[in-house]
Amino acid sequence: KENLSLKNISIKRQLFPFGLNLFLQTRDPVAFAEFDNNDETISGYVDAEGYFIYKEFAIIQKELPSELRIIGWRKISREVISKIINAYKGNKDLKVISISKKGFVMLEEKKFKKIFLGNQPKKIDLQLQLLFELREQIKDKDLFEKIENLDLTDINNPYIKVFKP
């Protein structure tokens, strides 16, 4: 197994007094994560750069900075996960990042409830920018209550589904 809880290791040789100084920099978990490996679900954590940290290697000081869960973590999705985590930094609205085996990304958050981003990792920056512009433009809490989901899979034609009683 790779120990991805280590972010950086540096060694400095010291001539007087003779010795070696070893410096270890660990990754700080920011969210709970899991992925499927064959028929087994592997649980662990993810740092702000999207790297998976196995539970046995994680160093958790007090508690995670958010209640965020990442379901379906994959190495190929690391950059997308990192961009989403960093876009929501300082904001506790994001609850779940879910990634299907085919790479379809869906977010669950407090305001828009479900946000469909699709499987186009090259467009994630534009999708996140549009998402936060929409969040900024819609100030009415009652309107957020009525929204069921936001579909950003087609960036040129975003779609908001509203519950109609």
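Structure first, text after, so check above.
Predicted model only: the values in this text are computed from it and were never measured. (Residues numbered from 1 in each chain as written. Predicted model: local features only at pLDDT ≥ 70, side-chain atom pairs only at ≥ 80, totals over all residues. Heavy atoms only, no water.)

**What about the sheet that holds strand β3 (residues 29-37)?**
Here nine strands make up an open sheet; going across it, the order is β5-β4-β3-β6-β7-β8-β9-β10-β11 and the pairing mixed. The open sheet has two edge strands, β5 (52-54) and β11 (159-162), and neither has a second partner. Recorded for the sheet is a direction-independent mean angle of 25° between the axes of neighbouring strands. Here three bridges tie strand β4 (residues 40-47) to β5, and the two strands are oriented antiparallel to one another. Note on β5: the bridge partner recorded for V46 is F52. Strand contacts of helix α1 (residues 78-87): β3, β4, β6 (69-71), β7 (94-99), β8 (105-109) and β9 (113-118), with the helix running at about 165° to β7, the strand carrying the most contacts. Seen against the sheet, helix α2 (residues 124-137) touches β8, β9 and β10 (147-151) and runs at an angle of roughly 155° to β9. (Pairing = 2+ DSSP bridges. Helix = DSSP H or I, 4+ residues; strand = E, 2+ residues; numbered from the N terminus. Axes fitted to C-alpha atoms, helices over the stretch in contact; angles between N-to-C directions. Contact = heavy atoms within 4.5 Å.)

**Thoughts on the nonpolar core**
Formed by 35 residues in total, the largest nonpolar core has its most connected members in I70, I84, I97, L107, F112, I115 and L131. Ranked by residue count, the leading element in this core is α2, at five residues. Beyond its immediate stretch of four places on either side in the chain, I115 contacts Y88, V105, M106, L107, E109, L131, L150 and L152. (Core = buried A, V, L, I, M, F, W, Y, C linked by side-chain atoms within 4.5 Å. Buried < 20%, exposed > 50% of the residue type's maximum accessible area, 1.4 Å probe, protein only.)

**Some points on the pattern of salt bridges**
Within this structure, the stated rule accounts for nine salt bridges. Note that E49 and R27 form a salt bridge whose closest N and O atoms lie 3.3 Å from each other. With a gap of 22 residues between them, E49 in the loop between β4 and β5 and R27 in the loop between β2 (19-26) and β3 connect regions that are remote in the sequence. Put simply, R135 and E109 hold a salt bridge, and the shortest N to O gap is 2.7 Å. Of this pair, R135 sits in helix α2 while E109 is found in strand β8, placing the two residues 26 residues apart along the sequence. Considered together, R135 and E109 belong to a single accessibility category, that of buried residues. (Salt bridge = Lys/Arg side-chain N within 4 Å of Asp/Glu carboxyl O.)

**With respect to the side chain of D47**
Within the fold, D47 resides in strand β4. Using a relative accessible area of 3% as the deciding quantity, one classes D47 as buried. Excluding anything up to four places from it in sequence, D47 contacts R27, D28, P29, V30, I53 and I85.

**A few points about a nonpolar patch on the surface**
A grouping of I9, I11, L20, L22 and L24 is seen on the molecular surface, where their side chains present a nonpolar patch of about 550 Å² in accessible area. Secondary structure elements with two or more residues in the nonpolar patch: β1 (6-14) and β2. A per-element tally of the nonpolar patch places β2 first, with three residues. Tracing the sequence through the fold places L22 in strand β2. (Patch = residues over 30% accessible without salt bridge, like charges linked within 9 Å, V, L, I, M, F, W, Y side chains within 5 Å. Areas by Shrake-Rupley, 256 points an atom, 1.4 Å probe, with all protein chains shown as cover.)

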